[in-house]
Structure formats: structure tokens, C-alpha cells
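Spelled out from the first residue to the last, the chains are:
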Amino acid sequence: MTISRRTLLAAGAGAGLLTACGGNTGRGDGVSGPSLSQWYHQYGEQGTEQAVRRYAGAYRKARVDVQWRPGNYDQQTAAALLTAAGPDVFEVNGPTLDQIRGGQVADLTALLEGVKDDFAPAALAPKTYDGRIWAVPQVIDTQLLYYRKSLLKDAGVEPPTTLDALVDAARALTDRNVKGLFLGNDGGAGVLGGTPLYAAGLSLVTEDGKPGFDDPAAARTLGKLHRLYADDSLLLGAPSDWSDPSALLQGLTAMQWSGLWALPQVRKELGDDFGVLPFPADGAAGRPAVPVGAYGSAVSARSGHREAAKEYVKWLWVERTDYQRDFALSYGFHIPARISLAKKAGRLRSGAAADAVRFATDHGYAQPLLWTPAGQTAYQDALSRIIRNGADPARELRPVVGKVSAELDRVRKKP
Amino acid sequence: MRRWRALWFWVFVGPFALGLALFTYVPLLWSVALSFFDAHNTVTPTHFTGLDNYTAMLRDHAFLDSLRTFLVFTAFIVPVTYGCSLSLALMVNRVRRARAFFRSVFFLPAACSYVVAALVWKMSVFSGVRFGLANTVLGWFGAGPVAWLASPDPPWYWLVIVTVRLWLQAGFYMILFLAGLQRIDPALYEAAAVDGARPGWTVLRHITLPQLRATSAAVVLLLVVNAFQAFDEFYNLLSDARGYPPYARPPLVYLYYTALGQGQNLGLGSAGAVILALVVAVVTVGQARWLRLGRTDGDG
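Since the model is a prediction, treat every value here as computed from it, not as a measurement. (Residues numbered from 1 in each chain as written. Chains lettered and ligands numbered in written order. Predicted model: local features only at pLDDT ≥ 70, side-chain atom pairs only at ≥ 80, totals over all residues. Heavy atoms only, no water.)

**Some points on the overall build of chain B**
Phase 1 of the analysis: When helices and strands are counted, chain B shows 13 helices and two strands.
Phase 2 of the analysis: Counting only C-alpha atoms, chain B reaches 80 × 75 × 40 Å along its principal axes.
Phase 3 of the analysis: When the 300 residues of chain B are sorted by exposure, 40% land in the buried category.
Phase 4 of the analysis: Long-range contacts, defined as pairs at least 24 residues apart, comprise 66% of the intrachain contacts of chain B with a sequence gap of at least 6.
Phase 5 of the analysis: When the 22 positive and 13 negative side-chain charges of chain B are each reduced to one mean point, those points stand 9 Å apart. (Helix = DSSP H or I, 4+ residues; strand = E, 2+ residues; numbered from the N terminus. Buried < 20%, exposed > 50% of the residue type's maximum accessible area, 1.4 Å probe, protein only. Contact = heavy atoms within 4.5 Å. Lys, Arg positive; Asp, Glu negative; His and termini not counted. Charge placed at Lys NZ, Arg CZ, Asp CG, Glu CD.)

**Brief notes about a nonpolar patch on the surface**
Residues and elements named next belong to chain B.
Phase 1 of the analysis: There is a patch of nonpolar side chains on the surface, built from Trp4, Leu7, Trp8, Phe9, Trp10, Val11, Phe12 and Val13 and spanning about 890 Å² of accessible area.
Phase 2 of the analysis: Looking at where Trp10 falls in the secondary structure, it is placed in helix H1 (residues 2-34).
Phase 3 of the analysis: On the basis of relative accessibility, which here comes to 53%, the residue Trp10 falls in the exposed class. (Patch = residues over 30% accessible without salt bridge, like charges linked within 9 Å, V, L, I, M, F, W, Y side chains within 5 Å. Areas by Shrake-Rupley, 256 points an atom, 1.4 Å probe, with all protein chains shown as cover. Salt bridge = Lys/Arg side-chain N within 4 Å of Asp/Glu carboxyl O.)

**Side note on the nonpolar core**
Phase 1 of the analysis: A:Val136, A:Tyr146 and A:Tyr312 are the most contacted members of the largest nonpolar core, which totals 66 residues.
Phase 2 of the analysis: A total of eight residues in this core trace back to one element, the largest contributor, which is helix H13 (residues 306-319) of chain A.
Phase 3 of the analysis: The residues contacting A:Tyr312, other than those within four sequence positions of it, are A:Leu36, A:Gln38, A:Ala56, A:Tyr59, A:Val64 and A:Val89.
Phase 4 of the analysis: In this structure, B:Ala118, B:Ala134, B:Ile184 and B:Ala230 belong to the second largest nonpolar core, which totals 61 residues. (Core = buried A, V, L, I, M, F, W, Y, C linked by side-chain atoms within 4.5 Å.)

**Structural notes on the pattern of salt bridges**
Oppositely charged side chains can form a pair if their charged atoms are brought close together.
Residues and elements named next belong to chain A.
Phase 1 of the analysis: Taken as a whole and assessed by the stated rule, the structure comprises 25 salt bridges over all chains.
Phase 2 of the analysis: With a closest N to O distance of 3.5 Å, Asp232 and Lys179 form a salt bridge. Remark: Lys179 occurs in strand E7 (residues 179-182) and Asp232 occurs in the loop between helix H10 (216-230) and helix H11 (246-249); sequence separation between them is 53 residues.
Phase 3 of the analysis: For Glu307, the salt bridge identified is with Lys310, shortest N-O distance 3.8 Å. With Glu307 and Lys310 both in helix H13, this residue pair falls three residues apart, about one helical turn.
Phase 4 of the analysis: Salt bridges sharing common partners tie together Asp164, Asp168, Arg171, Arg220, Lys224, Arg227, Asp231 and Asp282.

**What to know about the side chain of A:Ser258**
Residues and elements named next belong to chain A.
Phase 1 of the analysis: Among the structural elements, Ser258 can be located in strand E8 (residues 253-259).
Phase 2 of the analysis: Within the structure, the side chain of Ser258 is placed 3.5 Å from the backbone oxygen of Ser243, a separation counted as a polar contact.
Phase 3 of the analysis: If we ignore the near neighbours within four places in the chain, the residues touching Ser258 are Thr142, Gln143, Leu144, Tyr146, Trp242, Ser243, Asp244 and Pro245. (Polar contact = N/O pair within 3.5 Å; in protein donor to acceptor, adjacent residues only side chain to side chain.)

The following block contains the structure:
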């Protein structure tokens, strides 16, 4: 069969029309109002993308175009917020203090009127600045220490409850084929961040806005992390990093620091042969530490439809609790940001999941809003040198305290 | 007639000149201007700060460390790549049979992307676990697994970075040297043979290398600029979601995080970019003068 040029042109025009009409933009029938663009970072769990498109499609007061954005999402949104062509509504692991001070995000305080107390304080605190709320928390994520019960039992090791016990356990569990502990391929400098400080009873930034680690206890605790490296107890160079539980599941390590999101996969592969722990306490003033973070929904201050965008955020993340529960628990594994929803969630009431929720509630800490990227880089670099190079912790922390103090002075000035 | 010619010149060249001005020169000048202003989370200059961004950048240990690391990297990778690609060119040039085959074999890696090569190196060849290729080989000799990318002491990560860069680049520069070698007049070698010069080091030193001076200068120039612009393999080998290890952070990566990452300090990032551009310019001009680039033998 030969295809004439006319047939080919007609087919091309038809395909073009179909393309123009197709694509799941989340637009429902009979929708009035403006067009809103909503950005999400790419979730690893299957079904999440379809779910958020379904929520957007159900909204009647605006056409919502959902964009599912793989890659370096934080950098993408940061760049997009500089222009008016960015999203109207977007998911954000923040916003950062500079984004708030730079007037890049809209004030959403009014959206939470009457329901503010139902949002977990640890999730809401980093989204609050000057008494105003700049993003509505969607879900809470947390990080935990996963361990293989059978491997610990074979080695005669008890689940560690102090940092010293963790160091000893990691050494006892290490042999030629299995390492004791996996804290990420960088030895833990990136993922642990401030967690060891909180475990020592300290903090990244104090309540009155000063560096929270200008204390000999900080150097003592961080120095112990180098012992893990020096003992050769850490798994380094695994094919996937800490956020993926593969190293634990493949038997490369006996203990791994990972996220709550890994729990369903770990349970599926290991059954009951695993447990979870918080980062263990260190020193007399120490306490277990569990970092918590929350992706939130924010509105771009440059949006041409700011009020409509706020209304949509209120509808989805304040009013539609059924969608919020579905989003947190039906695809991945997260703690709903609303206390009332978290209490009702059956999947979080037993086993390791219940332990994780308890740890997050009792020992959870969120990275303070005043902890700026410049301070974080300086701190992480110092931590990396302490862990891997065996650098003197006290000497490494001194310039970091100076850098963080300067950053705190900068952000305290009115813009 | 001349007017038509001018018109056609601008019809063809105009769009490209406009694109170059809009997307290269304007941002460049804008960036230089921005480096004198406080520009957090904005590309619009706000508060004039003079040289504050420059002094802050020059006092920033992370930036200075990255510059130092890259000066060492450049000082190492440039002669090594030069030596490898020249050796390959000399070998391939001497081969009498299957010359095209050998040229293709050595040139093919140049067609591979840095991202793909870096991931192959990271995940299969130099994976830190016991079943990585390099660790499997070490295991045959009874040695334990080495964390190639996570060990600053000894700095095994350099082995990974240098080998992937050599594998990707050496073939390309080999082709440049081959072109240079084929332009050398055979009569020079014949005359040398008649004068009793033995083939080998003497001929290489007194005929081949001097005749390749122009090619060498171009190759070294490209290598220096490429070394300072290294980003892809460093990013894909060493970065993770939380950032970058301080021991091998390229200046470009640091500036990326400062200006475009969560930092969003575009004034400070611009100052860093200007400093980096000046360092590259000074090194490039220095090596061009050293190699007497652009001069003929008659020039003083």
C-alpha cells in the first residue's frame, strides 16, 4: 500500500490534534476558573503520580496542570521561583529562609485558621517564620536505624541504645562479607547532619538563635563517628545510597540508616527479621534523636493567580482529609502531617511502623529554619573531615561556629 | 551589489550573532554586574556591596579548597592525558595493518557521554562492595574490598576520576596528534636517517616534537580549559542527594550550589564565577606564552 502525500499530511494533522487534546493535565470537565500549574518532585512509589493527578482533576474551581518533575527538584524550583513562568503551587522541602525573606513564597497563615493545632508541631515549625506560615505540611518523613535481628543475635549483640554501644555493635557485626553499619556512601556526613548533635543533647541552632554546637560535647560525640570509620565497620561504596534499603536487603550490612519510606520494602523482604531504632543517645545529657522532615505545599508569590492557588492548596491539603490520608498511606509510607489522621491510620499502629511513629513523636527534631545552606555546607564539610580524615573535631567545629554565627547575624537583619 | 552582500551577510550571521549576544554576552556582563551587589534569591541587582562578595569568596575555605584541588588536578591530568594521547598517536601512526580499526577503537570512547561512563565506573568497575570488578580482581589476590570513591586517605577516588577521564579523552586528542603527525614532511625523517639519527627518542625529540609544536599548544590549551570545566564525572561519581564531599568538589559544582542550589546567592556565585574565569585565563595565557602559541620561529 502506498501512502500519498495528502494522506500523510492528513494523518499528521490528525495526530497533532490528538496530541493537543491528549495528555493527562488533570483538567476535569465543566471546570471554570483560571489555569494553575502545580509541581511535585518525583516520588519513587508507584501510583503517587496518578493519585495527585486524580486529586487535581477533582478540583472544580480551577484547571490544575500537574507537573511531575524528575531530577534535581529543589534546584528546579529555586530557579523557577525567580521568574513568573514558574509554578503557581509547588511542593517544597522548605521553603528556605532566604526564599521567605526574598518574598518568593506567599503567606499561607490564613489557610490553617482553626486547624493549625491539628498539624504536627515538628512539621509546622520549619515552615513558620515571624509567626506566619509559608507552606502547608503534606506528610512527615523520618529516618531510622534498621537492623537485622538474626545477624545481631548470631553475633550476640543487643540492639544499641547508646552511641558507644552502636560503635561496638558495628565492629562486632563486621566480617569479611558483611559490614556492621551503612550510613551512606560518604560515611554519614550527609545524611546524619545534625542528628548526632541532638543525640548529645545539643542542637544546630538554639532557641535564642545561636549556634547550638559550641560545646565540648559536640566534638566528643562527632569524634565517635570517626571510630566507626577507623574500625572499618562502615559499608562504603554500595551500589545505592542510604535512602534505598538494598544494602540491608542484600546482606551487605547488618544495620542501615534509612527512611521510613523503606519500611514496607524491608518488611516484604525480611518479614519479622528486622527492627528499627532511633539514633542512640550519647553522654549524660544525651537523648535518642530522630530527624523529621515534611514536604509542604507552597504558593509562588509571582503567581498570576495567587488567590486561586491559595484556595486550591486549602482545598487539597486542609479540607480534603480523604486525599491527604490516601496520599500518605496508599502508595508510599509516610506519617500524615495531621495528628488526627495519623492517629486513625491502621498501618501505623503495629510493629516497626508503630515504633517509628513513637520515635518520631517522642524524639523527633526538625532542621531549624535558621539553618541556612551556607552554614550547612560548612558543617557537613567539617563532619566529613572528622569522620573520614580523622580531623580533630574541636578544631574543625571552631570555624563552623563562626560561619553559622555570621549567617545567623545576616538572616536576623531585616531584608 | 555591495549593499546586497551586506544584507545577506546579516541575514545569515545576524540571528547567530543575536543569539550569542543574548544568551552569552548579556548574561556574562549581567553576572559581572551582579557580583558587586547583594542578590539573594534574585537576578535583579538590589543593594550595592562593592567588593564584599569577592572578599567573602576569597575567604571561603570551601571555594579556596576547590580551587586548590583543581589546580592540582589540572597540573596532573594535563600532562598525563597529553602523554597518553601522544603515545597512542605515535603507536597508531606506526601500525601498518588495520590502522583504521585501531584509530576507531581508541576514538570510540570519545563518543560516550561522561554521565554514562561515570556511572559504569562507579557502579560496576570501581564499586566499593566485594562484587565490584576492581574489588573482585583484588579478592583473587586475597585483598579486601576497597571503598574507591569514599576513601580520602589514600585518595583512591583520584584513580577513578583520572581513569574515566583518560578513557574518554585520550582518543580525541590522539586524533589531533595523528593529524599533526601526518603533516610532518617525510623528507625530514629521511634527512635525519641520512645524517645518522637513529629512529626512536632522538628523532622524536629533535624532529617529531618540534614539528608538533602547534598541535601540542592547541591540545594543552584545550586540556587546561577542560580540566577547569570538569563537572560531569565529578558530579556523577561523587555527589549524592545531600551534597558533595569537600575533598574533591570542583569549583563549578561549588558555584552551582552557591548560586543555583538552595543557597540562591547569585551575587556571591557571580563573584566566584569571575574569580574562576580569571584563574582559567591566567593559567591559559601563561601556558600559551610558555608554548609560544601563535608565534612563528622567526618571532623573537
